[in-house]
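Chains, contacts and geometry: an overview
Listed below, chain by chain, are the residues.
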Amino acid sequence: MIPSASVTGRRRVLVAVLVVSLVVIGSAVVTLVTRNGGLRAAPALVQGTILEVPGGSASKISVVGDNIEVIVGSSPALTSASIVVGSEGFHRDFRAKTGTWGLRLDNATAIQTGSRRLTIVVPENGTLTLTLVGEARVVLDQARLGELRLAGASSALELDASEPGSIIDLVQIENVTGGFSATRLGNLDMEDLVIGNITGSYDLDFSGSLDRHCDVSLRTAVGNGTVRIPSKPGVQLSIGSVLGKVLSSGFVAEGSKSFLNASAAGGADRQLIMHIDSAIGQIRLVEVQQ
């Protein structure tokens, strides 16, 4: 049966009313979001605030902002991670992925000058996935973890392991754009270090108290870099492909793209094995006495 003209007309009127209603509701929502800075506008966190992060021994935390210092440690007394807010200007960031505790730094309203600090304490032998968007410095202090994953590091990143006492089985770093420096990585006493891509200058220092066999893999490095290799224990560095120079004064060449420190060349066990898949730029090898 073909609908009559009057029925068709009523349907068109109903559709028009529905469309207008949706437009009005949408306009009201946009106005609310604009006036309040978002549906879930979060107040600034007070310095000294302690945040409990759900997730048990596997914690996911994201931090957005520049000039941020994150101190990472662990505690056998914790069952889930905690964040201690050490500076003004931090807010909850509800844009974080589901299951990730998000924080953002409001640079415009932050009162304190210099770097803004957060302290993250993770259950001992737990896993921390730390997503950093912006320029950041990560300090490892007595961090005894199963895994540390640094993800989304989109600006210059500094990793400081100067303090001894950390033990981390796996350290994984995704992409770093803008430069990467790492100090005393041996103090993390790792079994595996995996680095994705580095774009920009880099300085990797593997000195420290490394007691276990450690495999290091760097997939791609684009930029000039320095690799600081301890005199002890035995170390081997190999490079898959390189477009640039390798300055290896003081190291023993084993083939065209493999280099040994003095200990490994003298017959010591090769405890630290490093491999760079591909590199564009100059690589300078420096021996660090310890």
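To keep things clear, this report deals only with the structure shown in the data block. These numbers were taken from a predicted model, which means no experiment stands behind them.

Moving on: the overall build of the protein. A tally of regular secondary structure across the protein gives 2 helices and 24 strands. The buried share of the protein, reckoned over its 290 residues, is 42%. For the protein, the exposed area adds up to about 14,200 Å²; of that, 56% sits on carbon and sulfur atoms.

Once that is clear, we can look at the pairing of strand S16 (residues 202–205). Bridging between strand S14 (residues 180–183) and S16 involves 3 bridges; their strand directions are parallel. Bridge pairing links Phe 180 to Tyr 202 in S16. Here 4 bridges tie S16 to strand S18 (residues 225–230), and the two strands are oriented parallel to one another. Within S18, the residue paired with Tyr 202 across the bridge is Gly 225.

Here the focus is the nonpolar core. Leu 130, Leu 157, Ile 173 and Phe 180 are the most contacted members of the largest nonpolar core, which totals 65 residues. The contact partners of Phe 180, leaving out residues within four places of it in the chain, are Leu 157, Leu 159, Ile 173, Ile 195, Ile 198, Ser 201, Tyr 202, Asp 203 and Leu 204.

Here we take up the pattern of salt bridges. According to the stated counting rule, one finds 11 salt bridges in the structure shown. Among the salt bridges present, the one from Asp 93 reaches Arg 95, with a minimum N-O distance of 2.8 Å. Given a relative accessible area of 64%, Arg 95 falls into the exposed group. One continuous salt-bridge network, built from bridges that share partners, spans Glu 69, Arg 117, Arg 137, Glu 158 and Asp 160.

The subject of this paragraph is the side chain of Ser 258. Looking at the secondary structure, you find Ser 258 in strand S22 (residues 258–260). Overall, the relative accessible area of 8% leaves Ser 258 in the buried class. Within the structure, Ser 258 has its side chain in polar contact with the side chain of Gln 236 (distance 3.2 Å). Leave out the neighbours within four places in its chain, and Ser 258 touches Gln 236, Leu 237, Ser 238, Val 252 and Ala 253.

With that out of the way, let us pick up the packing of aromatic side chains. By convention here, two paired aromatic rings are described through the distance between centres and the angle between planes. For the structure shown, the criterion picks out 0 aromatic pairs. Lying across the ring of Trp 101, Arg 92 places its NZ or CZ 3.8 Å from the centre.

In this section: the environment of Ser 238. On the secondary structure map, Ser 238 appears in strand S19 (residues 234–243). In this structure the C-alpha to C-alpha distance between Ser 238 and Lys 257, which are 19 residues apart in sequence, comes to 5.6 Å. Side-chain polar atoms of Ser 238 contact the side chain of His 275, separated by 2.8 Å.

So, on to a nonpolar patch on the surface. Where nonpolar side chains cluster on the molecular surface, the patch consists of Val 222, Leu 243 and Ile 280 and spans about 270 Å² of accessible area. Among the secondary structure elements, Leu 243 is positioned in strand S19. When its relative accessible area of 62% is taken as the criterion, Leu 243 is described as exposed.

Backbone torsion omega between Lys 232 and Pro 233 reads 0°, so that peptide bond is classified as cis. Take Pro 233: it is sitting in the loop between S18 and S19. A positive phi angle, near 60°, is found at Asn 67, a position not held by glycine. Among the structural elements, Asn 67 can be located in the loop between strand S2 (58–64) and strand S3 (68–75). Even without a glycine there, the phi angle at Asn 125 is positive, about 70°. Relative to the elements of secondary structure, Asn 125 occurs in the loop between strand S7 (116–123) and strand S8 (127–133). With relative accessibility at 59%, the residue Asn 125 sits in the exposed group.

Across 7 bridges, S2 lies against S8 in parallel orientation. Its bridge partner lying in S8, Lys 60 is registered against Thr 129. By the bridge criterion, 4 bridges tie S2 to strand S6 (residues 101–105) in an arrangement that is parallel. Each residue of the ladder has a partner; that of Val 63, found in S6, is Leu 103.

One open sheet accounts for 11 strands, arranged S1-S4-S7-S3-S9-S11-S14-S16-S18-S24-S20; its pairing is mixed. The open sheet has two edge strands, strand S1 (50–52) and strand S20 (246–247), and neither has a second partner. Pairing of strand S11 (residues 157–160) with S14, which is carried by 4 bridges, proceeds in the parallel orientation. Its bridge partner lying in S14, Leu 157 is registered against Phe 180.

What counts and what doesn't
Residues numbered from 1 in each chain as written. Predicted model: local features only at pLDDT ≥ 70, side-chain atom pairs only at ≥ 80, totals over all residues. Heavy atoms only, no water. Helix = DSSP H or I, 4+ residues; strand = E, 2+ residues; numbered from the N terminus. Buried < 20%, exposed > 50% of the residue type's maximum accessible area, 1.4 Å probe, protein only. Areas by Shrake-Rupley, 256 points an atom, 1.4 Å probe, with all protein chains shown as cover. Pairing = 2+ DSSP bridges. Core = buried A, V, L, I, M, F, W, Y, C linked by side-chain atoms within 4.5 Å. Contact = heavy atoms within 4.5 Å. Salt bridge = Lys/Arg side-chain N within 4 Å of Asp/Glu carboxyl O. Polar contact = N/O pair within 3.5 Å; in protein donor to acceptor, adjacent residues only side chain to side chain. Phe/Tyr/Trp six-rings, centres within 6.5 Å; stacked < 30°, edge-to-face > 60°. Lys NZ or Arg CZ within 6 Å of the ring centre and 35° of its normal. Patch = residues over 30% accessible without salt bridge, like charges linked within 9 Å, V, L, I, M, F, W, Y side chains within 5 Å.

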